[in-house]
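For reference, the chains in residue letters:
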Amino acid sequence: MTKPTCEDALVVKKRDLNNDYFSLVLAPFSGAKSIKPGQFVHIRLPSTDIYFRRAFSVASVNPAKKEVEIIFKVFGRGTKILGKMRKGDSLDLLGPLGVPFSFPLKNENAVIVAGGVGFPPLMFLAEKMIEKGHNPKLIEFFYGGRSRLELVELSRLRKMGIKLHLSTDDGSAGNKGHVTGPVEQYLKKNLKEKMKLFGCGPERMLKAVDELGLKYNVKGQLALEALMPCGVGICLGCVVHLKAGGYARVCCDGPVFEIGVVNIAS
Ligand SMILES: Cc1cc2nc3c(=O)[nH]c(=O)nc-3n(C[C@H](O)[C@H](O)[C@H](O)COP(=O)(O)OP(=O)(O)OC[C@H]3O[C@@H](n4cnc5c(N)ncnc54)[C@H](O)[C@@H]3O)c2cc1C
Ligand code: FES
């Protein structure tokens, strides 16, 4: 694992993706070239009132320009501050942190399940897989949100040439209902030996993906979220229960875990 670095980086690009979603590109960050899909950066917020850093999965990197992109939704105090950042503002970044996804073999069908703000590391995974020669037609990208407003970066995902399947709870885009419904239908019809399942999103969705993986005997990985006071394995503030007993730290034993390993709360 690459040693993390802690550096200030500037906001070099900011995009408003609508409905309180934003993309920030931060540079120069010398750790950018070694960041892999599933890894995250821990960001100190420029506020004396907020002590803990916030974790953000990396959505893309440009190693030549030492750029790191994060995509977030304004949720609470920390992301409210991030949403107000402007081009030229500086942020303190610690990373890359955490265990990344393992790439599937080139002939494997990748079934990717993204829920809400869990899509950035999976978009990064799909992008890197294609860059490494994976046929985009072997990537089934299931993306769900509460409504169509919660589904962002659709043109970027479509441009990748992957098979995109949308779901919304209210039926305003794609299939109506939870994203895991169409995933199960797909698995039932297309179950193959050479298949891997990947997920990132709310806990209930992750639990459902974990159950699907076990039910259909498809291996894969899930990226978890947890409150992360230190981000580097010291405070034990991020522990999750393992099915086999014992605990793991999401920040450094994860955030990416094999399907079937973590006892996911719902
Ligand atoms: C590995 C990982 C990847 C993530 N990737 C993304 C992403 O790509 N996009 C995205 O939008 N969000 C992502 N998150 C969630 C993100 O870190 C924030 O928790 C979330 O955006 C809400 O932050 P906030 O500061 O706006 O909320 P707040 O309401 O300020 O914080 C939520 C609550 O958590 C507490 N809290 C916050 N941070 C900590 C901490 N470090 N230690 C202890 N308590 C804390 C606060 O005190 C508050 O009670 C990720 C989280 C993890 C762990
Ligand atoms: S956040 Fe401190 S051990 Fe994981």
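Worth saying up front: this structure is predicted, and the values here are computed from it rather than measured.

Student: Just give me the short version of the site of ligand 1, but keep the residues and values in it.
Tutor: In the vicinity of ligand 1, 25 residues are found, and the nearest of them are Phe52, Phe72, Gly76, Gly78 and Thr79. Of all the secondary structure elements, the ones that give two or more residues to the shell around ligand 1 are β4 (54–57), β6 (67–73) and α1 (77–83). Class assignment of the residues belonging to the shell around ligand 1 gives a composition of 15 nonpolar, five polar and five charged. Residues from two domains meet in the shell around ligand 1; each of domain 1 (5–97) and domain 2 (109–258) gives at least three.

Student: Explain the environment of Leu197 to me, and be specific about the residues and the numbers.
Tutor: As for its placement among the helices and strands, Leu197 is situated in strand β12 (residues 195–200). The spatial distance from the C-alpha of Leu197 to the C-alpha of Ile259 is 8.4 Å, given a sequence separation of 62 residues. Among residues more than four places away in sequence, those in contact with Leu197 are Val111, Val209, Gly213, Val218, Gly220 and Ile259.

Student: Residues and numbers for the nonpolar core, please.
Tutor: Counting 73 residues, the largest nonpolar core has Val41 and Ile112 as the members making the most contacts within it. Per element, the largest residue contribution to this core is seven residues, and it comes from helix α2 (residues 119–131). In contact with Ile112, other than residues within four places in its own chain, are Leu122, Leu125, Ala126, Ile139, Glu140, Phe141, Phe142 and Phe198.

Student: Give me the sheet that holds strand β16 (residues 256–258): which residues, what numbers.
Tutor: Read from one edge of the open sheet, seven strands run β11-β10-β9-β8-β12-β13-β16, paired in mixed fashion. Two strands close off the open sheet at either side, each with one partner strand: β11 (175–176) and β16. By the bridge criterion, six bridges tie strand β8 (residues 109–115) to β12 in an arrangement that is parallel. Within the sheet, the bridge partner assigned to Val113 lies in β12 and is Gly199. Packed on one face of the sheet, helix α5 (residues 203–215) meets β8, β12 and β13 (220–223) and runs near 165° to β12.

Rules used throughout
Residues numbered from 1 in each chain as written. Chains lettered and ligands numbered in written order. Predicted model: local features only at pLDDT ≥ 70, side-chain atom pairs only at ≥ 80, totals over all residues. Near = placed C-beta within 6 Å. Helix = DSSP H or I, 4+ residues; strand = E, 2+ residues; numbered from the N terminus. Nonpolar A, V, L, I, M, F, W, Y, C, P; charged D, E, K, R; others polar. Domains from an automatic or database assignment. Contact = placed C-beta atoms within 7 Å. Core = buried A, V, L, I, M, F, W, Y, C linked by C-beta atoms within 7 Å. Buried ≥ 20, exposed ≤ 12 C-beta atoms within 10 Å, placed from the backbone. Pairing = 2+ DSSP bridges. Axes fitted to C-alpha atoms, helices over the stretch in contact; angles between N-to-C directions.

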